[in-house]
Amino acid sequence: MLAKLMSFFLLGIVRFLTGSQARWYGCPPKAEQRIYFANHQSHADMVLIWAALPEELRSITRPIAAKDYWTKTPFRQWITTAVFNAVYVDRQATPARPAAPVVADPTVTQAAAADADTASAGGPDPSPEAPPRAPTPEELRAALPESDPLAPLVRALESGDSIVIFPEGTRGHGDEPQAFKSGLFKLAQMFPQVVLVPAWINNVQRVMPKGEVVPVPILCSVTFGAPIQLEAGEERRPFLDRARRAVIALREV
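Residues numbered from 1 in each chain as written. Predicted model: local features only at pLDDT ≥ 70, side-chain atom pairs only at ≥ 80, totals over all residues. Heavy atoms only, no water.

Student: Go over the overall build of the protein with me, naming the residues and quoting the values.
Tutor: Broken down by element type, the protein carries 11 helices and seven strands. Looking at the protein as a whole, 40% of its 253 residues qualify as buried. The long-range fraction of contacts in the protein, counting pairs at least 24 apart against all pairs at least 6 apart in sequence, stands at 72%. Just so you have it, the protein exposes about 14,400 Å², and 57% of that area is on carbon and sulfur atoms. (Helix = DSSP H or I, 4+ residues; strand = E, 2+ residues; numbered from the N terminus. Buried < 20%, exposed > 50% of the residue type's maximum accessible area, 1.4 Å probe, protein only. Contact = heavy atoms within 4.5 Å. Areas by Shrake-Rupley, 256 points an atom, 1.4 Å probe, with all protein chains shown as cover.)

Structure representation (structure tokens):
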């Protein structure tokens, strides 16, 4: 009950200070599983996009929250857990363990040598190796270490929730978002059925500038664009650049 009352209170405060306008430009608000990805300029981004969503979507959409910031005090942790139902992520990845040395299989080595001798002696060419099979989404999820920063997001998506992420990984300070990191690409690989919706958050950095504690009333908005998807065979950097352009394009809408 306390969390519900705090939710209504925060919703009223946020909408009073910002207007919290949601503009559905490229897709309607729909209760389907989605990954909303947006620009990131303030810790208030999470709160604004939560307030901009209709109530029926807020209940099934979990924003990500930087664990080091949002668990710094018991009150922040309670707000993000009980009210926003946020997914905590560590902004610093745990160092990967060194890879185990690869030990050659002597039987494979002998077979390769025999193929080479056959080819050099004018015999038939060795049979070509089959191209490696791309791992399935299920295999990609199973191979993800529990210490990976994406692991909490994967668990949220596996449970059927939608999530809100900020692919820059940290707050930007320019007019355009920084280059997107690889997390969005990996999630698109692991969950091809989840709808990827770009969003542009406007003006929120002026409501609570860095280092300030008193918010300034300024009209803000969140514009949701047309969904994108990871194309077959699309590489990581072209996809991330295309996703970033989809976010930037909403700035002028």
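Student: Any chance you could break down the pattern of salt bridges for me, citing the residues and the numbers?
Tutor: Per the stated rule, a full pass over the model turns up 11 salt bridges. Linking E139 and R133 is a salt bridge whose minimum nitrogen-to-oxygen distance equals 3.1 Å. A salt bridge links E176 to R244, with the shortest nitrogen-to-oxygen separation between them at 3.5 Å. Taken together, the residues span a long stretch of sequence, with E176 in the loop between β5 (162-165) and α9 (183-190) and R244 in helix α11 (residues 236-249) at a distance of 68 residues. Beyond isolated ion pairs, a larger network of salt bridges with shared partners links E176, R244, R251 and E252. (Salt bridge = Lys/Arg side-chain N within 4 Å of Asp/Glu carboxyl O.)

Student: Please provide a residue-by-residue account of unusual backbone geometry, values included.
Tutor: At N85, a residue that is not glycine, the phi angle is positive and equals roughly 55°. Within the secondary structure layout, N85 lies in the loop between α5 (74-83) and β4 (87-89). Judged by its relative accessible area of 36%, N85 falls in the partly exposed class.

Student: Lay out the packing of aromatic side chains with the relevant residues and their values.
Tutor: Aromatic rings in a pair are described by how distant their centres are and how their planes are angled relative to each other. This model, assessed by the stated rule, comprises seven aromatic pairs. Measuring from centroid to centroid gives 5.1 Å for Y69 and W70, while their planes differ by 85°, and the two rings are edge-to-face. R58 extends its terminal NZ or CZ atom over the ring of W50, reaching a point 5.5 Å from the ring centre. In this arrangement the basic side chain of R76 is found over the ring face of Y69, its NZ or CZ atom lying 4.1 Å from the centre. (Phe/Tyr/Trp six-rings, centres within 6.5 Å; stacked < 30°, edge-to-face > 60°. Lys NZ or Arg CZ within 6 Å of the ring centre and 35° of its normal.)

Student: Help me get a handle on the nonpolar core, residues and values and all.
Tutor: Of all hydrophobic cores here, the largest spans 63 residues; its most connected members are I35, F37, F84, L153, I165, L184 and L187. Here this core takes seven residues from helix α2 (residues 45-52), the largest share from any one element. Setting aside anything within four residues of it in sequence, one finds L184 in contact with I35, F37, I165, P167, L196, F239, L240 and A243. (Core = buried A, V, L, I, M, F, W, Y, C linked by side-chain atoms within 4.5 Å.)

Student: Kindly report on the packing of helix α1 (residues 2-18) against α2, identifying the contributing residues and their values.
Tutor: Running from N to C, α1 and α2 point in directions that differ by 100°, and their axes come no closer than 10 Å. In terms of their interaxial angle, α1 and α2 are classed as roughly perpendicular. Seen from α1, the contacting residues are S7, L10, L11, V14, R15 and T18; seen from α2, they are V47, L48, W50 and A51. The residue inventory of the contact of α1 with α2, partitioned by class, reads seven nonpolar, two polar and one charged. (Axes fitted to C-alpha atoms, helices over the stretch in contact; angles between N-to-C directions. Parallel < 35°, antiparallel > 145°, perpendicular 65-115°, else oblique. Nonpolar A, V, L, I, M, F, W, Y, C, P; charged D, E, K, R; others polar.)

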